[in-house]
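# Residue-level structure breakdown
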Amino acid sequence: MGFARTYSVALVGIQGHIVEVEADITAALPGFVLLGLPDASLSEAKDRVKSAAKNAGIPLPQRKITINLTPPTLAKRGSGFDLALVMAALQAAGELKIPEKIIYLGELGLDGSLRRIPGILPAVQAAVDSGFEYFVVPKENLEEAILVPGAQVRGFSSLAELLVASGIDEKNIKYPPVRKEFAGSSEEQESKRFLDMAEVSGQSEGRFALEIAAAGAHHLLFKGPPGSGKTMLAERLPGILPPLDDSSAMDVTAIHSLCGTGTPRHELIREPPFEAPHHSASAPAILGGGSGIPKPGAISKAHRGVLFLDEAPEFKRTVLDSLRQPLESGQITLDRSIASAVYPARFQLVLAANPCPCGMNTGRGLECTCSSKERRNYFGRLSGPLLDRVDLHITVPRVQSHELALTEHNESSESIRTRVIQARAAQRERLAPYGLSTNAETNGRLLRGDLKLDAALLSPLLRAIDRGTITARGFDRVLRTAWTIADLEGKSSPAAEHLDLAMYFRNLHSTSPS
């Protein structure tokens, strides 16, 4: 009986931490002690490990087994430590000798089978960043794990297979019965088809605003009566966004890997995600949370993509206002007594709202059945500080009959996406010296410094500040939008018409765009 050590990874949020799994077996009364701040599912690993080892043909000795997960002050969650536990215990029992500096990740079935775990991508990435190179994972996680550059990964379907590969005599090994594979459709296998802008009739102003939002990563509000096309427009935003670069794709895939949704992933997510939670969703569902180590919410799942809140005034005001800090910082910190998790949350917010509870307060409002108090209270749920962070405020009118007959002449998402990609390229070239990539990320210091516009161009905007119709934050957001419009037209800097159009989309004056 002796001592052994293996390695695994604990995820706190999307950040991975190397965990040393120390096993010690002594000649004392039989028992299995697990130390190191495990949660309930990890504490249950004691029984899974003993049963898996017995059913693989190499039972653990009837001695006192003590396993410590170091660092002991780090909260540890989930069944992903099972494989590291059993390999440490078997090595301490003298059954095998394995090389050091191997990361073990995987869940054990009682029959000794290895089962996939969520979060394999961020776990492997964290270990590679810490200097580890070799990994053992469940076969179902193999294709996802090898997406991480620099990782040498082997996948096994059972503990028996791993033990034979580690030098155990095969005649002593018992293989688990073959499990039936249930067919599932992963996101990569599904024929993913973005909704096309060519299907949208009319709404030329809404279409152009959506293009501006896509080109500069701006936030957007659609206001209008039911059936006018607010949702239809919002759902087509992902189809005109550029594909994700390598860094963003790795971050987005890591978050969705951690959520454990869908079947095993075979490639990085390259298309911007789209999240559209129901208005009854709670704050933890939107922001993230839960007991123990908090899990990511809709805003993190929408990282580098779109968060669409349909019927926005129906959401709880506390939920809506809680979006203000992530909109500014691009991340969210979730504090719990056991741990604090930080998740990326740089998303585009798209809000859709009716003008009143009945939705008919348009034009002269003769069909509206709401009282003036009801109308004020309804739209008042969208607070001023939240709306101040939204760059584009668009009124979506009802579609007229003659516009419905022009569907075949509407521009497609593919052609719009081409312009958006060109505009994004211009932004990257201009903002690269500052470590930025989109106009939405530019700050006031930059806009009033190296990117400062001529004073004559800024005079209408400065007058709006003096009148109190725009805040300092709104001033910067109008400038960002103006830069995006100029980028779409291939101009080197905004002109007066670009600034005027940006102010119009901010609803700062009543003139219509040319």
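Anyway, here's the lowdown on the structure attached to this text. (Residues numbered from 1 in each chain as written. Predicted model: local features only at pLDDT ≥ 70, side-chain atom pairs only at ≥ 80, totals over all residues. Heavy atoms only, no water.)

A separate point is the overall build of the chain. Within the chain, the secondary structure is distributed over 21 helices and 18 strands. Dimensions of the chain along its principal axes, counting C-alpha atoms only, are 85 × 50 × 45 Å. In the chain, buried positions account for 51% of the 514 residues. Considering only residue pairs separated by 6 or more positions, the chain has 72% of its internal contacts joining residues 24 or more positions apart. Accessible area of the chain: about 22900 Å², with a carbon and sulfur share of 51%. If you average the places of the 57 positive and of the 58 negative side-chain charges in the chain, the two averages end up 5 Å apart. (Helix = DSSP H or I, 4+ residues; strand = E, 2+ residues; numbered from the N terminus. Buried < 20%, exposed > 50% of the residue type's maximum accessible area, 1.4 Å probe, protein only. Contact = heavy atoms within 4.5 Å. Areas by Shrake-Rupley, 256 points an atom, 1.4 Å probe, with all protein chains shown as cover. Lys, Arg positive; Asp, Glu negative; His and termini not counted. Charge placed at Lys NZ, Arg CZ, Asp CG, Glu CD.)

Next up on the list: the side chain of His 393. The residue His 393 is located in strand 18 (residues 392–395) in this model. Overall, His 393 belongs to the buried group, its relative accessible area being 11%. Of note is the side chain of His 393, whose polar atom sits 3.3 Å from the backbone oxygen of Leu 387. Apart from the residues within four sequence positions on either side, His 393 is in contact with Leu 221, Lys 223, Leu 387, Phe 505 and Asn 507. (Polar contact = N/O pair within 3.5 Å; in protein donor to acceptor, adjacent residues only side chain to side chain.)

Across all of its chains, the model carries four aromatic pairs by this definition. Ring geometry for Tyr 7 against Phe 132: centres 5.3 Å apart, planes inclined by 55°, an arrangement best described as tilted. Here the residue Tyr 7 occupies a position in strand 1 (residues 3–12), and Phe 132 occupies one in the loop between helix 4 (120–129) and strand 8 (134–138), the gap between them amounting to 125 residues. Of the two residues, Tyr 7 and Phe 132, neither departs from the other in class, the shared state being buried. Ring pairing ties together the aromatic residues Phe 208, Tyr 504 and Phe 505, which thus form one cluster. (Phe/Tyr/Trp six-rings, centres within 6.5 Å; stacked < 30°, edge-to-face > 60°.)

Quick look at the sheet that holds strand 11 (residues 274–275) now. Sheet architecture is open: five strands sit in the order 11-14-17-10-18, paired in parallel fashion. Looking at strand neighbours, the two that pair on one side only are strand 11 and strand 18, the edges of this open sheet. (Pairing = 2+ DSSP bridges.)

For the rest of this paragraph, the subject is helix 4. A large share of helix 4 lies buried, amounting to eight of its 10 residues. Those residues of helix 4 that fall on the buried side of the exposure criterion are Ile 120, Leu 121, Pro 122, Ala 123, Val 124, Ala 126, Ala 127 and Val 128. Count one or two residues on from helix 4 and you reach Gly 131, which has phi positive near 100°.

With an omega dihedral of 5°, the bond running from Thr 70 to Pro 71 counts as a cis peptide bond. Position of Pro 71 relative to the elements: it lies in the loop between strand 4 (64–70) and helix 3 (82–92). The backbone phi angle of Leu 37 is positive, close to 60°, even though this residue is not glycine. Mapped onto the elements of the fold, Leu 37 is located in the loop between strand 3 (31–35) and helix 1 (40–43). A residue is classified by how much of its surface remains accessible, and Leu 37, at 40% relative accessible area, is partly exposed. Here the phi dihedral of Ala 217 falls at roughly 60°; this positive angle occurs in a residue that is not glycine. Tracing the backbone shows Ala 217 in the loop between helix 7 (204–216) and strand 10 (220–223).

Looking at the element boundaries, Thr 395 is found in strand 18. Taking the relative accessible area as the measure of exposure, Thr 395 reaches 48% and is therefore partly exposed. Distance in space between the C-alpha atoms of Thr 395 and Pro 225 is 9.3 Å, their sequence separation being 170 residues. Excluding residues that lie within four positions of it along the chain, Thr 395 makes contacts with Glu 205 and Lys 223.

Moving on, we get to the environment of Val 12. Note that Val 12 resides in strand 1. Classification of Val 12 by relative accessible area gives buried; the value is 9%. Between the C-alpha atoms of Val 12 and Lys 295, which are 283 residues apart in sequence, the distance is 9.0 Å. Sequence-distant contacts of Val 12, defined by excluding residues within four places in its chain, comprise His 17, Leu 74, Ala 75, Ile 293, Ala 339, Ser 340 and Ala 341.

The contact between helix 7 and helix 20 (residues 472–488) brings their axes to 9 Å, and the two run at 100°. Relative to helix 20, the element helix 7 is oriented roughly perpendicular. Counted together, Glu 211, Ile 212, Ala 215 and Gly 216 of helix 7 and Thr 481, Thr 484, Ile 485 and Leu 488 of helix 20 form the full contact between these two elements. Split by residue class, the contact of helix 7 with helix 20 holds four nonpolar, three polar and one charged. (Axes fitted to C-alpha atoms, helices over the stretch in contact; angles between N-to-C directions. Parallel < 35°, antiparallel > 145°, perpendicular 65-115°, else oblique. Nonpolar A, V, L, I, M, F, W, Y, C, P; charged D, E, K, R; others polar.)

A word on the pattern of salt bridges. Enumeration over the complete set of coordinates arrives at 21 salt bridges. As a salt-bridge pair, Arg 389 and Glu 328 come within 3.2 Å of each other at their nearest N and O atoms. Of the two residues, Arg 389 sits in the loop between helix 15 (384–387) and strand 18 while Glu 328 sits in helix 13 (residues 324–329), which places them 61 residues apart along the sequence. On the basis of relative accessibility, which here comes to 39%, the residue Glu 328 falls in the partly exposed class. (Salt bridge = Lys/Arg side-chain N within 4 Å of Asp/Glu carboxyl O.)

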